[in-house]
Amino acid sequence: MKVLKFGGTSVGTVDTIKQVISILENNLAQGERMAVIFSAMGGVTNRLIEIGRMASAGQAEYLELLKAVEERHFATIRGLLNVKNQSTTFAAVKGLFNELEDLLRGVSLIRELTPRTLDLIMSFGERLSTTIITEALKHRGIATEYCDARSLIRTNDHFGLAEVDFEITNRQILEYFAKTSALPCVTGFVASTADGITTTLGRGGSDYTASIFGAALDAEVIEIWTDVDGMMTADPRKVPNAFTIPSISYAEAMELSHFGAKVIYPPSLQPAFAKNILIKVLNTFNTAFEGTLVHRSANGKEYAITGISSIDDVALVNIQGSGMIGVAGISARLFTALSDHRISVILISQASSEHSICFTIDPRNADRAREVLQKAFEAEIAVGDIDSISIEKNLSIIAIVGEGMKKSTGVSGKLFSVLGKNGINVIATAQGSSELNISVVLSKNDLSKALNAIHGVFFQSETRSLNLFIVGVGLIGGTLLEQIRNQTTYLRDEKFLKLNVAGLTNTKKMLLEPDGIDPTRWRDELDELGVKTSLPAFVQRIIELNLPNSVFVDCTSDKDIVYYYGDLLDANISVVTPNKVANSGRYAEYLQLQRMALHRGVKFLYETNVGAGLPIINTIQGLMASGDKFLKIEAILSGTLSYIFNTFGPGVRFVDVVREAKAKGYTEPDPRDDLSGTDVARKILILAREVGVPLEPEDIAIAQLLPDNCQQAPSIEAFFAELEASNDYFEKLLTDAQAQGEVLRYIATLENDRATVELRTVGPQHPFYTLSGSDNIVSFTTERYKDRPLVVKGPGAGAEVTASGVFADIMSISSYLG
Ligand SMILES: NC(=O)C1=CN([C@@H]2O[C@H](COP(=O)(O)OP(=O)(O)OC[C@H]3O[C@@H](n4cnc5c(N)ncnc54)[C@H](OP(=O)(O)O)[C@@H]3O)[C@@H](O)[C@H]2O)C=CC1
Ligand SMILES: N[C@@H](CC=O)C(=O)O
Ligand code: NA
């Protein structure tokens, strides 16, 4: 025996009813003995309540609404049945509407809508839908029988939420089934008293009917057919990555539903659970999907938690005072006062200091709660034993739920850590000793961010997202996007990671798209959908969007963008950048950014500031963290100058080599920055700061490489012209070096807290002699690497290596976020 129940959406239209019929036919074909419970057509119950209220208020327009409901049912008959088969069904349905109309006329005459009458009015919804579907099944040759549950389910007269007399009900159901061999189509939600007065079963009423029937008949399974793919790990409207929970225990389902998961209402399934009957939650519109199994105990689970739920809007009441410490009975009085005024408490938390108790309630009750408590504790407030009753609004509760967290460690650690890393402040928290649920209270603004971030860490094998906002889509930014595009599949399949490009901008256009910009079409999307760039607006919007795991990637050489870094870090958004400006300005600013990132628990990463993708900054940070002391750094830090001196030779014009370096993507957007030594000076300044030497830009001694006419060129093109005109100068530098059997090298040195940058010649014994292409080389002499320095060497400029260094910084944030 199997009991099936179809909800309001499943029986809401002609097409959906046809789908229901096909599900039933499939089951019948397998010879299943069944009972089927139907809800009212979607929306009809609420409409009937509205009509009843209008009638009782004397609003004659209720008749029009009633006509619309009638027409909807008639249209359903026309859609389901051939014209020649329609008349009996029309007659039955018309009969029901006549009865309902009489009833409503009565209500409107006496201007009174009692709970008893409302129950009767509501009962028409299920009676109508079930009548029509029964007839439709009959006309398809299926032996069915309309079964009015009012004749089987016996309740008391608590109208609106009647209590079932199981002894009589079970007996009546069994007797009925013993007599009938046809397929019973049962009206959900409705029942009756011993006197035959119609009652209803309250929220989840049709599920309750299914559960009552299932339990009475000892069914093997109860199938709850809805319009979603079973119960989900979180509300899919808030968490796009949510997925169906294959199997859930009754207790877990209870916890989730308490926090707003609405697919089933577990209390209504209690009779079935008491008899250990399996429940399946299935989707009428996706019959191939296996849905969710709800059963007595949780079996082996893949994840530490089963689901995440939330209450979107709560108010937090905090009552505190030194007079509460060690005084018995305060909480008893507190909660009695609330209960006397029917204020329901959702979550309670009291620290063991007993100095304060806080609890959350429906915000609509907040003002009343304040009054009630002020009155209840009038005496304590007067003498200062209780100093304040504060109420905070615009809050939400998130609950993580799962039997798997029982006795397993690290679940709460993971929860609070992901909230912390995303800068989400936890205002209150509660965990019952059943260890089935951990709840946190947080600002409503953070709800969506928190739900998504929590979902990401707990359901690891689903894809987590990092939200990237990329400013600058030139050489480096553009190459980074290309690399992201090429790695999409690998990251998804191997790392379960989605790099969601949520924002892009250049100097002309900006585009913010929280759902992601397609990295294969970003140029077109930016062009077609982008709006005029405003960096302040871009940054402001990123902060407002408040997406979890957000990373701001600055791929410009803009001098002013650095001013936004502080605001971004302060809003718990990590910053990754190849742009050296922030770290090579005033030392105080550099320090402030470092501290801000540390304070906020986010990352400020800039490995590519020095040596592009070569691990230079990370190497220093590792050595510093482990207590090494730097004695000397000697380095070639300009890919451009390295390339120039590795390439420039007899028969080659200097200016052409510089143009080549630019074309190969080694130079700064303005190559004067490279050839003037500025770029190298910035880099050694950054390295000095990383090893703990707080230098300022003016402390770097730069020995000028260029003749004055080049150094002072007012534009990039003028600069190239001056380089061309100065070819002899550069040739002489070269031939002088060659005459001594040496090569030209532009070397930065940091020693004894002094930094210099100069053009030198080095011979074959020098470790910097053999370099090629855009090679950088950095030699660290430290207390641990004293006899032989630690050397990092390799290509130190170029689009691919720089973009991949930025990529690696982004990836390290993804591992940090877990
Ligand atoms: N090339 C290399 O090997 C290395 C480069 N770097 C650094 O990488 C950074 C980027 O260099 P690169 O890609 O060559 O530079 P590009 O000039 O090619 O690109 C810069 C991009 O930034 C955009 N941009 C500039 N200012 C703003 C602003 N205020 N708002 C919005 N967008 C802006 C530009 O827009 P638009 O297109 O409209 O002009 C362009 O898209 C530089 O800081 C450089 O020092 C670091 C290590 C190595
Ligand atoms: N222009 C720079 C690029 C890396 O920072 C260089 O030439 O090294
Ligand atoms: Na680097």
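Computed from a predicted model, the values in this text were never measured in an experiment.

Thresholds applied
Residues numbered from 1 in each chain as written. Chains lettered and ligands numbered in written order. Predicted model: local features only at pLDDT ≥ 70, side-chain atom pairs only at ≥ 80, totals over all residues. Heavy atoms only, no water. Helix = DSSP H or I, 4+ residues; strand = E, 2+ residues; numbered from the N terminus. Contact = heavy atoms within 4.5 Å. Pairing = 2+ DSSP bridges. Axes fitted to C-alpha atoms, helices over the stretch in contact; angles between N-to-C directions. Near = heavy atom within 4 Å. Polar contact = N/O pair within 3.5 Å; in protein donor to acceptor, adjacent residues only side chain to side chain. Areas by Shrake-Rupley, 256 points an atom, 1.4 Å probe, with all protein chains shown as cover. Phe/Tyr/Trp six-rings, centres within 6.5 Å; stacked < 30°, edge-to-face > 60°. Buried < 20%, exposed > 50% of the residue type's maximum accessible area, 1.4 Å probe, protein only. Lys NZ or Arg CZ within 6 Å of the ring centre and 35° of its normal.

Q: I'd like a description of the side chain of S574, backed by residues and values.
A: Examined against the element boundaries, S574 turns out to sit in strand β22 (residues 574-576). Beyond its immediate chain neighbours, meaning those up to four positions away, S574 contacts S550, V551, F552, L569, V602, K603 and I813.

Q: Describe the sheet that holds strand β14 (residues 388-401), listing the residues and the values that go with them.
A: In spatial order, the strands read β12-β13-β11-β14-β16-β15; together these 6 strands make up an open sheet with antiparallel pairing. Each end of this open sheet is capped by a strand with a single partner; those strands are β12 (345-350) and β15 (426-431). Averaged over all adjacent pairs, the angle separating strand axes in this sheet is 30°, with direction ignored. When β15 meets strand β16 (residues 437-443), the two strands line up antiparallel, connected through 5 bridges. Opposite Q431, over in β16, you have I438 as the bridge partner. Across the face of the sheet, helix α13 (residues 411-421) comes into contact with β14, β15 and β16 while running at roughly 15° to β16. Contacts from helix α14 (residues 447-458) reach β11 (307-320), β14 and β16 within the one sheet, and its direction differs from that of β14 by about 35°.

Q: Break down the sheet that holds strand β20 (residues 531-532) for me, with residues and values.
A: Here we have 7 strands laid out as an open sheet, ordered β20-β19-β18-β17-β21-β22-β23, and mixed in their pairing. What marks the edges here is a single partner per strand, and that holds for β20 and β23 (604-605). Pairing of strand β17 (residues 464-471) with strand β18 (residues 497-505) involves 8 bridges; the strand directions are parallel. Within the sheet, the bridge partner assigned to R464 lies in β18 and is L497. Contacts from helix α15 (residues 475-495) reach β17, β18 and β21 (550-554), with the element oriented near 155° to β18.

Q: Can you lay out the site of ligand 2 for me, pointing to particular residues and giving the numbers?
A: The full set close to ligand 2 counts 13 residues, and G639, T640, Y666, E668 and D674 are the nearest of them. Within the side chain of K580, a nitrogen or oxygen atom sits 2.8 Å from an oxygen atom of ligand 2. Note that an oxygen atom of ligand 2 is positioned 2.5 Å from one of the side-chain N or O atoms of T640. Within the complex, 93% of the 250 Å² of free accessible area of ligand 2 lies under protein. The set of elements that each furnish at least two residues to the shell around ligand 2 consists of α21 (639-647) and α24 (678-690).

Q: How would you summarise the packing of aromatic side chains if you had to cite specific residues and measurements?
A: Scanning the entire structure with this criterion turns up 21 aromatic pairs. Ring plane angle 85° and centroid distance 5.3 Å describe the contact between F243 and F459, whose orientation is recorded as edge-to-face. You can see F243 sitting in the loop between β7 (221-226) and β8 (247-249) and its partner F459 sitting in the loop between α14 and β17, a full 216 residues away along the chain. Residue classification places F459 among the buried residues on the basis of a relative accessible area of 0%. Taken together, the ring pairs in this structure connect F552, Y565, F604 and Y606 into an aromatic cluster. Sitting over the ring of Y816, K421 keeps its end group 4.6 Å from the ring centre.

That is the geometry; function is a separate question.
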